[in-house]
Amino acid sequence: MSSSPAPKAPTPPTKAAADSPEVHERVLEGISLVTSLARQMHQHLGASLSVDDLEAIGREGLLDSARTFDRERGIPFLRWASLRIRGAMIDGARSHGSLPRRVYRKLRALEAADRVQEVVAEELAATPPPSPEAADEKLGEALSSMALAMAAAFLSPQTHGLDEIIHPDTESPEEEFAHAELMNRVRAAIAKRPENERTLLERHYFDGVTFEQAAQEIGLSKSWASRLHARAIEAISRELKRTGIKD
């Protein structure tokens, strides 16, 4: 009786001949991460993209992250790569075509959380907490900020023309009321922030402008805008907790 063939190993993305040995090593280190993230993303997307499609997109994201990795940031490579790989998959899914509204909202929510997570990781690497208690507190703040960013992205109004590329779904009246109430509280908190923070969040979350476009409008690079975004989201999260909204 013949045995079943062994599973085929994941294929690393095509590498340019000019890539350094360090880049090649990083690609090999991260290839299994691509498979894991592709399966996770497929659970969010359903049949929108296959696991194979997501892996193909993710391998290109891995190669890009291997080439752009900067050890001086203090972030371990796999953490850096995971954000870049998932970001590539989100971009690929968004450009794929028609998506159910809830899937589209999930993509926005994941992207918002990743944006906060990346800034927090850089800050922790640059200034490690002085004690386990301080580390726990910082982690709690980071998780609250990520949760708020996800909620704001998931519940934000639809952008102009979006109904042409997504399929609408429905919510119960109770869900609609709860979501509207939360967003009213978030809007009020955003309105109190300094001008640049307020403009960035309002343009991105409520006016249907991409994060990159909103950053350009206030004259900031995407990197600096991400830091501004994370700082504003953290402050708003604290205020909402003080006024009675919990995670």
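Residues numbered from 1 in each chain as written. Predicted model: local features only at pLDDT ≥ 70, side-chain atom pairs only at ≥ 80, totals over all residues. Heavy atoms only, no water.

Asks: Honestly, the overall build of the protein chain in this entry has me stumped. Any pointers?
Replies: If you tally the helices and strands in the protein chain, you get nine helices and two strands. In the protein chain, the succession of helices and strands from N to C terminus is α-α-α-β-α-α-β-α-α-α-α. Long-range contacts, defined here as pairs at least 24 residues apart, represent 69% of the contacts in the protein chain between residues at least 6 apart. For the protein chain, the exposed surface amounts to about 13800 Å²; the carbon and sulfur share of it is 53%. (Helix = DSSP H or I, 4+ residues; strand = E, 2+ residues; numbered from the N terminus. Contact = heavy atoms within 4.5 Å. Areas by Shrake-Rupley, 256 points an atom, 1.4 Å probe, with all protein chains shown as cover.)

Asks: Help me understand the packing of helix H5 (residues 132–155) against helix H9 (residues 222–242) in this model?
Replies: Each packed pair of helices is defined by two parameters, the angle between the axes and the distance between the axes. Relative orientation of the contacting elements H5 and H9 amounts to 95°, with a least axis distance of 9 Å. The angle between the axes of H5 and H9 places the two elements in the roughly perpendicular class. For the pair H5 and H9, the contacting residues are Lys138, Glu141, Ser144, Ser145, Leu148 and Ala149 in the first and His229, Ile233, Glu234, Ile236, Ser237, Arg238, Leu240 and Lys241 in the second. Split by residue class, the contact of H5 with H9 holds five nonpolar, four polar and five charged. (Axes fitted to C-alpha atoms, helices over the stretch in contact; angles between N-to-C directions. Parallel < 35°, antiparallel > 145°, perpendicular 65-115°, else oblique. Nonpolar A, V, L, I, M, F, W, Y, C, P; charged D, E, K, R; others polar.)

Asks: How should I be thinking about the environment of Ala109 in this particular structure?
Replies: Checked against the element boundaries, Ala109 lands in helix H4 (residues 101–126). On the basis of relative accessible area, Ala109 is assigned to the buried category, the value being 4%. C-alpha of Ala109 to C-alpha of Ala147: the two residues are 38 residues apart in sequence and 8.8 Å apart in space. Excluding residues within four positions of it along the chain, Ala109 makes contact with Met150, Ala153 and Phe154. (Buried < 20%, exposed > 50% of the residue type's maximum accessible area, 1.4 Å probe, protein only.)

Asks: Looking at this structure, I do not really get the side chain of Asp19. What am I missing?
Replies: With respect to the helices and strands, Asp19 occurs in the segment before helix H1 (21–45). Excluding residues within four positions of it along the chain, Asp19 makes contact with His24, Leu63 and Arg67.

Asks: Would you explain the packing of aromatic side chains in this entry?
Replies: Where two aromatic rings form a pair, the distance of their centres and the angle of their planes describe that pair. Scanning the model with the defined rule gives one aromatic pair in all. Centre to centre, the rings of Phe69 and Phe77 are 5.3 Å apart; their planes meet at 80°, and the pair counts as edge-to-face. In this structure Phe77 comes out as buried when scored by relative accessible area, which is 7%. In this structure, Arg115 is placed above the aromatic ring of Phe211, and the distance from its NZ or CZ to the ring centre is 3.8 Å. (Phe/Tyr/Trp six-rings, centres within 6.5 Å; stacked < 30°, edge-to-face > 60°. Lys NZ or Arg CZ within 6 Å of the ring centre and 35° of its normal.)

Asks: Help me out: how do you make sense of the nonpolar core in this one?
Replies: The tendency in soluble globular proteins is for nonpolar side chains to be buried as a group. Counting 32 residues, the largest nonpolar core has Leu200, Leu201, Tyr205 and Ile236 as its most contacted members. Residue assignment for this core shows that the elements contributing at least two residues are H4, H5, helix H6 (173–191), helix H7 (195–206), helix H8 (211–217) and H9. Examining the composition of this core, we find that eight residues originate from one element, H5, more than from any other. Not counting the four nearest positions on each side in its chain, Leu201 is found in contact with Ile190, Phe206, His229, Ala232, Ile233 and Ile236. (Core = buried A, V, L, I, M, F, W, Y, C linked by side-chain atoms within 4.5 Å.)

Asks: Explain the packing of H7 against H9 to me, please; I cannot follow it from the model alone.
Replies: Remark: H7 packs on H9, axes separated minimally by 10 Å, with the N-to-C direction vectors making an angle of 95°. Taken together, the axes of H7 and H9 are roughly perpendicular relative to one another. Residue-level contacts link Asn196, Glu197, Leu200, Leu201 and Tyr205 of H7 to Ala225, Leu228, His229, Arg231, Ala232, Ile233 and Ile236 of H9. For the contact of H7 with H9, the per-class residue count stands at eight nonpolar, two polar and two charged.

Asks: Is there a simple way to explain the pattern of salt bridges in this structure?
Replies: Proximity of charged atoms lets side chains of opposite charge pair with each other. Enumeration according to the criterion identifies 15 salt bridges in this entry. In this structure, Lys138 engages Glu123 in a salt bridge whose closest nitrogen and oxygen atoms are separated by 3.7 Å. Residue Lys138 is found in helix H5, and its partner Glu123 is found in helix H4; the two are separated by 15 residues along the sequence. Ionic pairing is found between Glu212 and Lys222, a salt bridge with its closest N-O pair at 3.1 Å. On the criterion of sequence distance, the pair formed by Glu212 in helix H8 and Lys222 in helix H9 is long-range, its members being 10 residues apart. (Salt bridge = Lys/Arg side-chain N within 4 Å of Asp/Glu carboxyl O.)

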